[in-house]
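Each chain, written out:
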Amino acid sequence: MDLYVIRRPNAWADEKELETIVVKSAKVGNDEMSDRVRWIRSYVIKERDGSLGSFCIYEARDPESIREHARRVGMPADQIFPVVKTVIVR
């Protein structure tokens, strides 16, 4: 599997909506697609309009596996970037 960053701008209205999707995302990834995608972590950000967005780190077989996971969960995955190198400072 390769490492990817997924940018999800303006994906959730608030933290309650985010928490609901987090549970579903973990379930779909762990129970239905564990051989294709692995959710590593997410960084949630406040967007300029007040909604929440995120940068998510995934291991995946390919970008299509990430898109399929997102489709099953009901969240966006339009911006997928392959990670070419990890630089660790601390």
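A brief structural summary. Just so you know, these numbers come straight off a predicted model, no measurement behind them. Sequence positions are assigned chain by chain, starting from 1 and proceeding in written order. The predicted origin of the model limits local features to residues at a pLDDT of at least 70 and limits the giving and counting of side-chain atom pairs to 80 or more, whereas totals for whole chains, interfaces and linings rest on all residues. Hydrogens are left out, water is left out, and the side-chain values use all remaining heavy atoms of the structure.

Focus on the overall build of the protein chain
Logical step 1: The helix and strand tally for the protein chain stands at two helices and four strands.
Logical step 2: Walking the protein chain from its N terminus toward its C terminus, one meets helices and strands in the order β-α-β-β-α-β.
Logical step 3: Each radius of gyration reported is based on C-alpha atoms, and the globular scaling rule is 2.2 Å times the count of residues to the power 0.38. Computed over C-alpha atoms, the radius of gyration of the protein chain comes to 13 Å, within 12% of the 12 Å expected from 2.2 N^0.38 for 90 residues, which places it in the range of a compact globule.
Logical step 4: The buried share of the protein chain, reckoned over its 90 residues, is 36%.
Logical step 5: Residue contacts are defined here by distance: any two heavy atoms, one from each residue, within 4.5 Å place the two residues in contact. For the protein chain, contacts bridging at least 24 residues in sequence account for 70% of all contacts bridging at least 6.
Logical step 6: Note on areas: these come from Shrake-Rupley sampling with a 1.4 Å probe, and a residue is covered only by the protein chains present in the view. Accessible surface computed for the protein chain: about 6,100 Å², of which carbon and sulfur atoms make up 50%.
Logical step 7: Measuring between centres, the 16 positive side-chain charges of the protein chain sit 3 Å from its 15 negative side-chain charges. Only DSSP runs of H or I covering at least 4 residues are called helices, and only runs of E covering at least 2 are called strands; the numbering of each starts at the N terminus. With a 1.4 Å probe rolled over the protein chains alone, any residue whose accessible area is under 20% of its type maximum counts as buried; one over 50% counts as exposed, and the rest are partly exposed. In this tally, Lys and Arg are treated as positive and Asp and Glu as negative; His is ignored, and so are the chain termini. Charge coordinates come from a single atom per side chain, which is NZ of Lys, CZ of Arg, CG of Asp or CD of Glu.

Re the nonpolar core
Logical step 1: Residue types Ala, Val, Leu, Ile, Met, Phe, Trp, Tyr and Cys, when buried and joined through side-chain atoms within 4.5 Å, form a set referred to as a nonpolar core. Counting 19 residues, the largest nonpolar core has Ile6, Trp12, Ile66 and Met75 as its most contacted members.
Logical step 2: Elements that contribute at least two residues to this core include exactly strand E1 (2-12), helix H1 (15-32), strand E3 (52-60) and helix H2 (63-73).
Logical step 3: If near-sequence neighbours (up to four positions away) are discounted, Met75 is found in contact with Arg8, Trp12, Ile21, Ser25, Tyr58, His69 and Ala70.

Looking at the pairing of E3
Logical step 1: Within E3, seven of the nine residues are buried, which leaves the element mostly enclosed by the surrounding structure.
Logical step 2: Should DSSP find at least two bridges between two strands, the strands are taken to pair. In the sheet, E1 pairs with E3 via eight bridges, with the strands oriented antiparallel. Across the sheet, the residue bridging to Arg8 is Ser54, located in E3.
Logical step 3: Between strand E2 (residues 37-46) and the antiparallel strand that follows it, E3, lie five residues; Gly50 among them carries a positive phi value of about 95°.

Details of H1
Logical step 1: How far a helix is expected to stretch is found by multiplying one less than its residue total by 1.5 Å. Along its 18 residues, H1 runs 25 Å from first to last C-alpha, staying within 8% of the 26 Å computed at 1.5 Å per residue.
Logical step 2: All of the buried residues in H1 are Leu18, Ile21, Ser25, Val28 and Gly29. End-on view of H1: buried residues confined to an arc of 95°, all on one side of the axis. Every exposed residue of H1 that faces more than 90 degrees away from the buried side is listed here: Lys16, Thr20, Val23, Asn30 and Asp31. Our arc is simply the arc of the directions from the helix axis toward the C-beta atoms.

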